[in-house]
Amino acid sequence: MTQEPSPIALVTGASRGIGAAIATRLAASGYDIWLNYHASHQAAARVQAEIEALGRRCRLLPFDVSDDQEATAALEPLLAAETPFALIHNAGITRDTLLPMMQRREWDEVMDVNLNSFFVLGRLLSKAMISRRQGRIVAIASTSGETGQAGQVNYSAAKAGLIGAAKALARELARRNILVNVVSPGLIDTEMIKELPLERMLPLIPLNRLGTRAEVAGVVDFLLSPAAGYITGQVLSVNGGLYM
Ligand code: NAP
């Protein structure tokens, strides 16, 4: 009897932080991983080793998600042979400053990495998934995209845009059995928030602590599972009650 190949999940920005936790959690659930990152080669190799230790395959895909040509060149040849079951659109950056001080470059970089990349990757992956008539897409947004956050006009706009894009794509793809959802983290303990004044922010969180990377990864794993088969176009907030 020939064995069914394991389903594949493409996770962007998975060398560190939430993306790395998602990649290892999905590997533990039986997915082979296409692991995208930008520059952290050693960190990505460590995540790859963890995934392989779980008995799963892990293909490293270093490219800049904001570079359409690089992303297309890396993915198109692979997609000609195999189609991932899931895209986890996780790579993201911040360039925080108040709008009057913000440089055009800081606006554009945040838009390009967080949102415009969804045009390229969402398009490539959904095209491939349509012909298989199955798939899951999960975009990682942020509380900032739901409520707006001072000092993050660029990031809030990009994440709100991502939520709108995911909801629209969910409607486009529902008839093809492809589910599209958003996971919206609050403050999660990663390098991204190391500069923030946490002593002032923690009292605003009803659960009075940061979230863990594993707590976000678990929700993504659920959204890929059969148990989530009737959930599409939704935003699942993982924020300790920060925004209800
Ligand atoms: P992080 O620790 O800073 O990690 C960011 C990851 O994204 C890294 O793997 C990085 O790769 C990758 N990346 C950055 N720019 C990239 C590019 N142009 N192309 C490809 N990969 C790129 O961030 P995180 O805290 O895990 O955040 C992950 C996601 O969750 C982001 O979308 C973020 O906006 C969102 N989020 C985070 C929080 C939080 O509190 N941490 C809250 C809400 C939402 P390299 O290492 O190679 O640069």
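Coordinates for the structure precede this section.
Residues numbered from 1 in each chain as written. Predicted model: local features only at pLDDT ≥ 70, side-chain atom pairs only at ≥ 80, totals over all residues. Heavy atoms only, no water.

Caption draft 1: The arrangement of the overall build of the protein chain in detail. Of the regular secondary structure elements, the protein chain holds eight helices and seven strands. For the protein chain, whose C-alpha radius of gyration is 17 Å, the value lies close to the compact-globule estimate of 18 Å for 244 residues. Along the first, second and third principal axes, the C-alpha set of the protein chain runs to 60 × 40 × 35 Å. If you take every contact in the protein chain between residues at least 6 apart in sequence, the share linking residues at least 24 apart comes to 73%. Carbon and sulfur atoms make up 52% of the accessible area of the protein chain, which totals about 12200 Å². A distance of 7 Å separates the average location of the 23 positive side-chain charges in the protein chain from that of its 23 negative side-chain charges. (Helix = DSSP H or I, 4+ residues; strand = E, 2+ residues; numbered from the N terminus. Rg over C-alpha atoms; globule rule 2.2 N^0.38 Å. Contact = heavy atoms within 4.5 Å. Areas by Shrake-Rupley, 256 points an atom, 1.4 Å probe, with all protein chains shown as cover. Lys, Arg positive; Asp, Glu negative; His and termini not counted. Charge placed at Lys NZ, Arg CZ, Asp CG, Glu CD.)

Caption draft 2: Highlighting the site of the ligand. Around the ligand, the structure places 31 residues, and the nearest of them are Ala39, Ser40, Asn90, Tyr155 and Thr190. Note that an oxygen atom of the ligand is positioned 2.7 Å from one of the backbone N or O atoms of asparagine 90. Between the ligand and threonine 190, the relevant distance is 2.5 Å, taken from an oxygen atom to a side-chain nitrogen or oxygen of the residue. Here the ligand, which alone exposes 900 Å², has 94% of that area covered by the protein. Every element with two or more residues in the shell around the ligand is listed here: helix H1 (17-28), strand E2 (32-37) and helix H6 (153-173). A per-class count over the shell around the ligand returns 17 nonpolar, 11 polar and three charged. (Near = heavy atom within 4 Å. Polar contact = N/O pair within 3.5 Å; in protein donor to acceptor, adjacent residues only side chain to side chain. Nonpolar A, V, L, I, M, F, W, Y, C, P; charged D, E, K, R; others polar.)

Caption draft 3: Representation of the pattern of salt bridges in the model. Applying the stated rule across the entire model yields nine salt bridges. Arginine 16 is the partner of glutamate 191 in a salt bridge, and the nearest nitrogen-oxygen pair spans 3.3 Å. Of the two residues, glutamate 191 is situated in the loop between strand E6 (178-185) and helix H7 (198-201) and arginine 16 in the loop between strand E1 (8-11) and H1; the sequence distance between them amounts to 175 residues. The salt bridge involving arginine 209 is made with glutamate 215; its shortest N-O contact spans 2.8 Å. (Salt bridge = Lys/Arg side-chain N within 4 Å of Asp/Glu carboxyl O.)

Caption draft 4: Summary view of the environment of arginine 56. With respect to the helices and strands, arginine 56 occurs in the loop between helix H2 (41-53) and strand E3 (58-62). On the basis of relative accessible area, arginine 56 is assigned to the partly exposed category, the value being 23%. Along the sequence, arginine 56 and serine 29 sit 27 residues apart, while their C-alpha atoms lie 9.7 Å from each other. Leave out the neighbours within four places in its chain, and arginine 56 touches Ser6, Ala27, Gly30, Tyr31, Asp32 and Ile51. Here serine 6 takes part through its side chain, which lies 2.8 Å from a polar atom of the side chain of arginine 56. A distance of 3.2 Å separates a polar atom in the side chain of arginine 56 from a polar atom in the side chain of aspartate 32. (Buried < 20%, exposed > 50% of the residue type's maximum accessible area, 1.4 Å probe, protein only.)

Caption draft 5: Here's a closer look at a nonpolar patch on the surface. Where nonpolar side chains cluster on the molecular surface, the patch consists of Leu204, Leu242 and Tyr243 and spans about 280 Å² of accessible area. With respect to the secondary-structure elements, leucine 204 resides in the loop between H7 and helix H8 (213-224). (Patch = residues over 30% accessible without salt bridge, like charges linked within 9 Å, V, L, I, M, F, W, Y side chains within 5 Å.)

Caption draft 6: Geometry of the side chain of serine 126. Within the fold, serine 126 resides in helix H4 (residues 104-132). According to the relative accessible area criterion, serine 126 is buried, its value standing at 8%. When neighbours within four sequence positions are excluded, serine 126 is seen to be in contact with Ile137, Leu173 and Ile178.

Caption draft 7: Structural view of H2. The end-to-end C-alpha distance of H2 is 18 Å, a good match for the 18 Å that 13 residues give at a rise of 1.5 Å each. Three or more residues of H2 are buried, namely Ala43, Ala44, Val47, Gln48 and Ile51. Projected onto a plane normal to the axis of H2, the buried residues spread over an arc of 145° and lie on a single side. Away from the buried face of H2 by more than 90 degrees, exposed residues Gln42, Arg46 and Ala53 are located. Phi turns positive one or two residues past the end of H2, at glycine 55, with a value near 85°. (Expected span 1.5 Å × (residues − 1). Arc of directions from axis to C-beta.)

Caption draft 8: Structural detail: the environment of threonine 212. Structurally, the position occupied by threonine 212 is in the loop between H7 and H8. A relative accessible area of 35% places threonine 212 in the partly exposed class. The spacing of threonine 212 and aspartate 189 is 23 residues in sequence and 5.6 Å in space, taken between C-alpha atoms.

Caption draft 9: Looking closely at the nonpolar core. In terms of nonpolar packing, the biggest core is built from 38 residues, with Trp34, Leu75, Leu125 and Ile137 touching the most fellow members. Mapped by element, the contributors of at least two residues to this core are E1, helix H3 (68-79), H4, strand E5 (135-140), H6 and E6. Ranked by residues supplied to this core, first place goes to H4 with 11 residues. If near-sequence neighbours (up to four positions away) are discounted, leucine 75 is found in contact with Leu10, Trp34, Leu61, Phe63, Leu121, Leu124 and Leu125. The next biggest cluster of nonpolar side chains, apart from the first, holds 33 residues, and it includes Ala27, Tyr31, Ile51 and Val219. (Core = buried A, V, L, I, M, F, W, Y, C linked by side-chain atoms within 4.5 Å.)

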